[in-house]
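Residues per chain, in single letters:
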Amino acid sequence: MPNTVCPAPGASSAVMDSGAGASCSATSVGGAAAAAFGLGGEADADAGPTSLSLAIAQNGGSATSRSTFLSGPAAIALGPGATVTTTGVRPGLAIGIAGAGADVELTGTTGPTCRGGLAFAGDFQTLQGCLSTQ
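Here we summarise the structure given alongside this text. (Residues numbered from 1 in each chain as written. Predicted model: local features only at pLDDT ≥ 70, side-chain atom pairs only at ≥ 80, totals over all residues. Heavy atoms only, no water.)

### Observations concerning the overall build of the protein
Phase 1: On a plain count of helices and strands, the protein comes out with 0 helices and 14 strands.
Phase 2: The helix and strand sequence of the protein, counted from the amino end, reads β-β-β-β-β-β-β-β-β-β-β-β-β-β.
Phase 3: In summary, the protein has a C-alpha radius of gyration of 14 Å against a globular reference of 14 Å for 134 residues, a match within 12%.
Phase 4: Counting only C-alpha atoms and orienting by the principal axes, one finds that the protein spans roughly 40 × 35 × 10 Å.
Phase 5: Taken over 134 residues, the protein has a buried fraction of 45%.
Phase 6: As displayed, the protein has an accessible area near 5900 Å², and 63% of this comes from carbon and sulfur atoms. (Helix = DSSP H or I, 4+ residues; strand = E, 2+ residues; numbered from the N terminus. Rg over C-alpha atoms; globule rule 2.2 N^0.38 Å. Buried < 20%, exposed > 50% of the residue type's maximum accessible area, 1.4 Å probe, protein only. Areas by Shrake-Rupley, 256 points an atom, 1.4 Å probe, with all protein chains shown as cover.)

### Side note on the nonpolar core
Looking at soluble globular proteins, one finds that nonpolar side chains tend to be buried together.
Phase 1: Among the nonpolar cores identified, the biggest contains 27 residues, and Ala36 and Val104 are the most heavily contacted of them.
Phase 2: Those residues in contact with Val104, other than ones at most four positions away along the chain, are Thr83, Val84, Thr85, Gly96, Ile97, Ala98, Thr113, Cys114, Ala119, Phe120 and Ala121. (Core = buried A, V, L, I, M, F, W, Y, C linked by side-chain atoms within 4.5 Å. Contact = heavy atoms within 4.5 Å.)

### Describing the sheet that holds strand E1 (residues 3-9)
Phase 1: Strand order in the open sheet formed by 7 strands is E1-E4-E6-E8-E10-E13-E14, and the pairing between neighbours is mixed. The outermost strands of the open sheet, each flanked by one partner alone, are E1 and strand E14 (128-133). Across the sheet, the mean angle separating the axes of adjacent strands is 5 degrees when strand polarity is ignored.
Phase 2: The pairing of strand E4 (residues 33-39) with strand E6 (residues 52-58) spans 7 bridges and is classified as parallel. Bridging across to E6, Phe37 finds its partner in Ile56. (Pairing = 2+ DSSP bridges. Axes fitted to C-alpha atoms, helices over the stretch in contact; angles between N-to-C directions.)

### A short note on the state of the cysteines
Phase 1: A complete count under the given rule lists 2 disulfides for this structure.
Phase 2: Between the sulfur of Cys6 and that of Cys24 lies a disulfide, 1.9 Å long from S to S. Taking the sign of the S-S torsion, about 75 degrees here, the bridge from Cys6 to Cys24 comes out right-handed. Residue Cys6 is found in strand E1, and its partner Cys24 is found in strand E3 (residues 23-28); the two are separated by 18 residues along the sequence. (Disulfide = S-S within 2.5 Å.)

Such coordinate-based values are descriptive only and should not be taken to indicate function.
Printed below as a string of C-alpha cells:
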C-alpha cells in the first residue's frame, strides 16, 4: 500500500498524492498544528488558531478532521469504506475511529454518531460518545 505523510506545524500546509489510492492534505495557521497520514487511504486535517487536528486513513478509509480555538479532534479510518469526520468547535479533545464499512460523524455541538460497522467516538466537547458493533 502506498503511504503519504502531511505534517503542517504552525502557519503551513502540505499536500501529497501517491497516485495509487493514498493522499493527504494538512493546513494550519500560526500557533496551531495539523497532521494527516494517508496510509493507503485519504486523510485531510485543518487546524485553526490555537488548536490541533489529526487525520489518519488506512487501507481505503477516508478521514477528515477540522479544529478551531482550543480544540483537538482526531479522525481515524481503518479499512475499505471507513469514513470519519471530526470537528472541534469548543475547547476539548475528541476522537472518532471507524473500521471497514463504518461511519463516524462528530460535530462538537451534538452527540457523535456511529453506524454501519465497528466504530467508536468520544467527545469531551459535548461529554458524549457512541459505539457501533454491527
